[in-house]
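# Descriptive analysis of the structure
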Amino acid sequence: QVQLVESGGGLVQAGGSLRLSCAASERTLNMGWFRQRPGKEREFVAAITRSAGTPYYADSVKERFTISRNNAQNTVYLQMNSLKPEDTAAYYCAAGRYFTSGYYSAMSYNYWGQGTQVTVSA
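Keep in mind that this is a model prediction, so the values were computed, not measured.

So, on to the overall build of the protein. Across its full length, the protein carries 0 helices and 11 strands. Scanning the protein from its N terminus toward the C terminus, one meets helices and strands in the order β-β-β-β-β-β-β-β-β-β-β. Seen along its three principal axes, the alpha-carbon backbone of the protein occupies a region of about 40 × 25 × 25 Å. A total of 122 residues make up the protein; the buried ones form 45% of that total. The long-range fraction of contacts in the protein, counting pairs at least 24 apart against all pairs at least 6 apart in sequence, stands at 57%. Put simply, the protein shows about 6200 Å² of open surface, and 46% of that area lies on carbon and sulfur atoms.

See below:
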C-alpha cells in the first residue's frame, strides 16, 4: 500500500505564495494534485509523470502553479504563486501507476493523501 503524506498548506493573503509537498513511499508513480473547494467536486490541478517528469496543468492554474518532483526523495511539490481567493480549497496529493483515464481524471490515481487546507484571504 502506497502512502502519501502532504504538508505545506496554510493561510495566505491574495497574491502570496505557498509550496505544498507530498512524500510518497514509492518512487515509480505518476503524481498529481487535486483540490476540492467548498461546495464543489474534486478537480484536477496538476500532474507530473513518473519518469520524464512531464508536467500538466489545469487552465485555471497555468502560469501560476508549478509541479515538480525529487525522485531521490520520493517527493512531489506544488509551488503556488499569485494565489487568489478562489484557490481556497483542500488540496490532495494523488499517485497512480498509469494514466489509464487521462492525467486529469481522479480515476487514474490509486492512492490519495489525507489533504491539506489552503486558505487565501482577499
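All right, on to the packing of aromatic side chains then. Going through the model one piece at a time under the given rule, you end up with 9 aromatic pairs. Through successive ring pairs, a cluster of aromatic residues spans Phe34, Phe44, Tyr56, Phe99, Tyr103, Tyr104, Tyr109 and Trp112. Directly above the ring of Tyr92 sits Arg42, whose terminal nitrogen or CZ lies 3.9 Å from the centroid.

A word on empty space enclosed by the protein. Under the criterion given, the structure shown has 1 cavity of 30 Å³ or more. In this structure, the largest cavity occupies an estimated 30 Å³ of space. For the lining of the largest cavity, the class distribution of residues is 3 nonpolar, 2 polar and 3 charged.

Conventions we followed
Residues numbered from 1 in each chain as written. Predicted model: local features only at pLDDT ≥ 70, side-chain atom pairs only at ≥ 80, totals over all residues. Heavy atoms only, no water. Helix = DSSP H or I, 4+ residues; strand = E, 2+ residues; numbered from the N terminus. Buried < 20%, exposed > 50% of the residue type's maximum accessible area, 1.4 Å probe, protein only. Contact = heavy atoms within 4.5 Å. Areas by Shrake-Rupley, 256 points an atom, 1.4 Å probe, with all protein chains shown as cover. Phe/Tyr/Trp six-rings, centres within 6.5 Å; stacked < 30°, edge-to-face > 60°. Lys NZ or Arg CZ within 6 Å of the ring centre and 35° of its normal. 1 Å grid on protein atoms, 1.4 Å probe; cavity = no way out; pocket = protein on both sides within 12 Å on 5 of 7 lines; lining within 4 Å. Points joined across faces, edges and corners; volume = space filled by probe spheres on them. Nonpolar A, V, L, I, M, F, W, Y, C, P; charged D, E, K, R; others polar.

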